[in-house]
Amino acid sequence: MENTFTDLSHINVKGGDGGAGCMSFRREAFVPKGGPDGGDGGRGGNVVIEADPQLSSLIDYRYKHHFRAERGTHGQGARRHGRDGEDLVLRVPVGTVVRELEAATQAPVYEIADLTRPGERVVVAPGGAGGRGNIHFVTSIRRAPAFAEKGEPAREHWIELEMKLMADAALVGMPSVGKSSIIARISAARPKIADYPFTTLVPNLGVARAKSGQSFVVADVPGLIEGASEGRGLGHQFLRHIERTALILHVVDVTGGYEGRDVVEDYRTINAELAAHASELAERPQIVVANKCDLPGVEDAIERLRACAAEDGHEFFAVSAATGAGLEALVSSCAAEVARLRSEAASAAEAAPDLSVDWERERQRRERRIEVTREERHAWRVRGVQIERMVIQTDWENDEAVAYLQHRFDRCGLDAALAKAGAVNGDEVRILELAFTFQGADSDDDFDEVGDSDDIVVAGEDEE
């Protein structure tokens, strides 16, 4: 049967293109010189990622990888604005990390958001801005502007969705130590159980309930081996699901398994792999579980493991998944510890700010960023979402529109950024596929620009 658990997906997202602004003049009977009345183009829809507690995997993105939001419609005369495009909402499980990918290599570039609460949202592909109609460009000296802005094409890019389980406790240990048998005993989960290594290939979730009535979600994570933190045995794929769990249940087979492994060595190996994967896992609350204690000749191994757990300050339980011995006490202790950890987490969550606002602010900051680099002795390359948007929205067949763009460059801080990088009059400035001659520009209060030069960041300058 095909595995339907998916915890890592790469998808291509694109917001809707913005509609074009309209260049129009009022034309009515008895109104021979009506003013400009071109409406604005509608903004394209955003692609939004939202955390949904009803989902448990990323299976929806296993076969479909391209997602597009609706485009905005064009503006019209008589100040009729275009309609905004509808947002496209993509739902993912709670605990999903969203990252930007480099298109050519598909390698993660930076983290966009970490959706750990139900309903948290982040815009991953903003829709293109609608072009402004010519009614916006009227000034005291320009009474009849004969140009409007084009709509902005939305950016298309790849993102990574990585789901990390949001269980309260995780069963970890070497392969075939009995983790699946334990979760089957203490919950309603029915994982595949067999007497060979790596029976479990995907995490299983179950809800365990103590006699006190307290319950918690426990995850059975596939077996780890030495070198798991470096990717051996699919280690990276399995270890990510332990990162969010509040409590680690470290299961050790006291018989040593088929290979006759030493219980203390197994215990130390798994803890070393956890610490190597993420240093904070070494400090995570842990309960050591000695399994298969019903078998003969394991008393010495149990006592040695008990001593190691005590030395590390971990609670210890000797259990048997086969007979159920010791599991009731283990579940009760886990439930109490989870309740304590939940209380601490809830207090911390109340004090935590709404990160959705921070993610949106960071996205806008990236859009305002200007990168200036020297490509040749007297040639400069300018990159930046805001600057490129201005160029794209300009009608290059219209001299008025081109003149207006020059003033926008000055108003948004581009000329100052170029001068700071070392550009001098007469240098060539390259933006997208276009080239300009740098001459600086005088500020003109007649040209109103959204934004502030304080928002502009020069990302880098190459030395000659």
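In this text, all values refer to a predicted model and were calculated from it rather than measured experimentally.

Caption draft 1: Highlighting the overall build of the protein. A tally of helices and strands in the protein yields nine helices and 18 strands. Classification of the 464 residues of the protein by burial places 48% in the buried group.

Caption draft 2: Fine view of the pairing of strand β8 (residues 156–163). Most of β8 is tucked away: six of the eight residues are buried. By the bridge criterion, seven bridges tie strand β1 (residues 8–14) to β8 in an arrangement that is antiparallel. Within β8, the position partnered with His10 by the bridge is Glu160. As paired strands, strand β5 (residues 96–101) and β8 are joined by five bridges and run antiparallel to one another.

Caption draft 3: The side chain of Arg132, seen in detail. Looking at where Arg132 falls in the secondary structure, it is placed in the loop between β7 (121–125) and β8. On the accessibility criterion, Arg132 (18% relative accessible area) is buried. Polar side-chain contacts of Arg132 include one of 3.1 Å to the side chain of Tyr404.

Caption draft 4: The pattern of salt bridges, seen in detail. The full count for this structure, using the stated rule, is 26 salt bridges. As a salt-bridge pair, Arg68 and Glu156 come within 2.9 Å of each other at their nearest N and O atoms. On the criterion of sequence distance, the pair formed by Arg68 in strand β3 (residues 66–68) and Glu156 in strand β8 is long-range, its members being 88 residues apart. Note that Arg268 and Glu311 form a salt bridge whose closest N and O atoms lie 4.0 Å from each other. Separated by 43 residues along the polypeptide, Arg268 in helix α3 (residues 263–277) and Glu311 in helix α4 (residues 299–311) bring together distant segments of the chain. Relative accessible area serves as the criterion here: at 33%, Arg268 is assigned to the partly exposed category. Exposure remark for Glu311: the relative accessible area of 63% places this residue in the exposed category. When salt bridges that share partners are traced, they join Glu375, Glu376, Arg381, Glu428 and Arg430 into one network.

Caption draft 5: How the structure looks around the nonpolar core. Within the largest apolar cluster, 61 residues are counted, with the highest numbers of intra-cluster contacts made by Val13, Ile49, Leu115, Ile159, Leu161 and Phe216. Sequence-distant contacts of Ile49, that is, excluding residues within four places in its chain, are made with Leu90, Val92, Val98, Leu115, Glu120, Arg121, Val122, Val124, Ile159 and Leu161. Judged by nonpolar contacts, the second largest core, of 19 residues, contains Val382, Leu405, Leu414 and Ala423.

Caption draft 6: Expanded view of the sheet that holds strand β2 (residues 47–52). Reading across from one edge, β4-β2-β7 is the order of the three strands in this open sheet, with mixed pairing throughout. The open sheet has two edge strands with one neighbour each: β4 (88–93) and β7. Each strand axis lies, on average, 30° off the axis of its neighbour in the sheet, ignoring direction. Two elements, β2 and β4, share six bridges in a ladder whose sense is parallel.

Caption draft 7: How the structure looks around the confidence of the model for the protein. Within the protein, residue pLDDT values average 81, and 83% of them lie at 70 or more. Per-element confidence in the protein is highest for β3, whose mean pLDDT is 96, and lowest for helix α2 (residues 235–239), whose mean pLDDT is 53. The model gives residues 1–5 a pLDDT under 50, and that stretch makes 14 contacts with residues more than four places away or in other chains. In this model, residues 225–236 is a region of pLDDT below 50 whose contacts with residues beyond four sequence positions or in other chains number 24 contacts.

Caption draft 8: Highlighting the packing of aromatic side chains. Inspection of the entire model under this criterion finds six aromatic pairs. Ring plane angle 25° and centroid distance 4.8 Å describe the contact between Phe137 and Phe147, whose orientation is recorded as stacked. One end of the pair, Phe137, is in the loop between β7 and β8; the other, Phe147, is in the loop between β7 and β8, with 10 residues separating them in the sequence. Accessibility expressed as a relative area gives 3% for Phe147, which makes it buried. Centre to centre, the rings of Trp396 and Phe436 are 5.6 Å apart; their planes meet at 40°, and the pair counts as tilted. Here Phe436 lies in strand β18 (residues 434–437) and Trp396 lies in the loop between α7 (385–392) and α8 (399–412), a separation of 40 residues in the sequence. Residue classification places Phe436 among the buried residues on the basis of a relative accessible area of 12%.

Caption draft 9: Broad picture of α4. With 13 residues, α4 extends 19 Å from end C-alpha to end C-alpha; this agrees with the ideal 18 Å at 1.5 Å per step. Taken together, the buried positions of α4 are occupied by Ala301, Ile302, Leu305, Cys308 and Ala309. Seen along its axis, α4 keeps its buried residues to an arc of 125°; they face one direction. For α4, exposure combined with an orientation more than 90 degrees from the buried face picks out Glu299, Asp300, Ala310 and Glu311. Buried residues belonging to α4 abut β12 (247–253), α3, β13 (286–291) and β14 (315–318).

Caption draft 10: Structural context of the environment of Arg284. Residue placement: Arg284 occurs in the loop between α3 and β13. Of the residues examined, Arg284 reaches a relative accessible area of 15% and is grouped as buried. As for Arg284 and Ala246, which are separated by 38 residues in sequence, their C-alpha atoms are 7.0 Å apart. If near-sequence neighbours (up to four positions away) are discounted, Arg284 is found in contact with Ile242, Glu243, Arg244, Thr245, Ala246 and Ile248.

Basis of the calculations
- Residues numbered from 1 in each chain as written.
- Predicted model: local features only at pLDDT ≥ 70, side-chain atom pairs only at ≥ 80, totals over all residues.
- Heavy atoms only, no water.
- Helix = DSSP H or I, 4+ residues; strand = E, 2+ residues; numbered from the N terminus.
- Buried < 20%, exposed > 50% of the residue type's maximum accessible area, 1.4 Å probe, protein only.
- Pairing = 2+ DSSP bridges.
- Polar contact = N/O pair within 3.5 Å; in protein donor to acceptor, adjacent residues only side chain to side chain.
- Salt bridge = Lys/Arg side-chain N within 4 Å of Asp/Glu carboxyl O.
- Core = buried A, V, L, I, M, F, W, Y, C linked by side-chain atoms within 4.5 Å.
- Contact = heavy atoms within 4.5 Å.
- Axes fitted to C-alpha atoms, helices over the stretch in contact; angles between N-to-C directions.
- pLDDT = per-residue confidence, 0-100.
- Phe/Tyr/Trp six-rings, centres within 6.5 Å; stacked < 30°, edge-to-face > 60°.
- Expected span 1.5 Å × (residues − 1).
- Arc of directions from axis to C-beta.

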